[in-house]
Amino acid sequence: MSASDKIKNAAEDLVGKAKEAVGNVTDNDKLVAEGKADQAKSDVKQAGENVKDAFKH
């Protein structure tokens, strides 16, 4: 996994956490759901990159 991919995944995860937090504070269920979805996408991308890295070594 390249450094830029790691940064992008981390940024997407942080955006998701921020959306979730703002959604919780403002009682906005849609924003909470979007935040959780962003975090899940980031986790899936990270897992895929980890599998690719494992096969490279």
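Now for a look at the structure at hand.

Parameters at a glance
- Residues numbered from 1 in each chain as written.
- Predicted model: local features only at pLDDT ≥ 70, side-chain atom pairs only at ≥ 80, totals over all residues.
- Heavy atoms only, no water.
- Helix = DSSP H or I, 4+ residues; strand = E, 2+ residues; numbered from the N terminus.
- Rg over C-alpha atoms; globule rule 2.2 N^0.38 Å.
- Buried < 20%, exposed > 50% of the residue type's maximum accessible area, 1.4 Å probe, protein only.
- Contact = heavy atoms within 4.5 Å.
- Areas by Shrake-Rupley, 256 points an atom, 1.4 Å probe, with all protein chains shown as cover.
- Lys, Arg positive; Asp, Glu negative; His and termini not counted.
- Charge placed at Lys NZ, Arg CZ, Asp CG, Glu CD.
- Salt bridge = Lys/Arg side-chain N within 4 Å of Asp/Glu carboxyl O.

Digging into the overall build of the chain
Counting secondary structure elements, the chain contains two helices and zero strands. For 57 residues, the compact-globule estimate of 2.2 N^0.38 gives 10 Å, and the chain exceeds it by more than 25% at 13 Å. For the chain, the C-alpha atoms occupy an extent of roughly 45 × 15 × 10 Å along the three principal directions. Every one of the 57 residues in the chain was classed for burial, and the buried ones make up 23%. Taking the intrachain contacts of the chain between residues at least 6 apart in sequence as the baseline, contacts between residues at least 24 apart amount to 43%. Accessible surface for the chain amounts to roughly 4,100 Å². Of this, 61% is attributable to carbon and sulfur atoms. Counting 10 positive and 11 negative side-chain charges, the chain places the averaged centre of each group 5 Å from the other.

Details of the pattern of salt bridges
One pass over the full model with this rule turns up seven salt bridges. Note that glutamate 12 is salt-bridged to lysine 41, the shortest N-O span being 3.9 Å. Residue glutamate 12 is located in helix α1 (residues 3–26), and its partner lysine 41 is located in helix α2 (residues 29–56); the two are separated by 29 residues in the primary sequence. With relative accessibility at 45%, the residue lysine 41 sits in the partly exposed group. Among the ionic pairs, lysine 45 bridges to glutamate 12, the shortest N-O distance being 3.2 Å. One end of the pair, lysine 45, is in helix α2; the other, glutamate 12, is in helix α1, with 33 residues separating them in the sequence. Exposure remark for lysine 45: the relative accessible area of 42% places this residue in the partly exposed category. Glutamate 12 gets classed as buried once you look at its relative accessible area, which sits at 18%.

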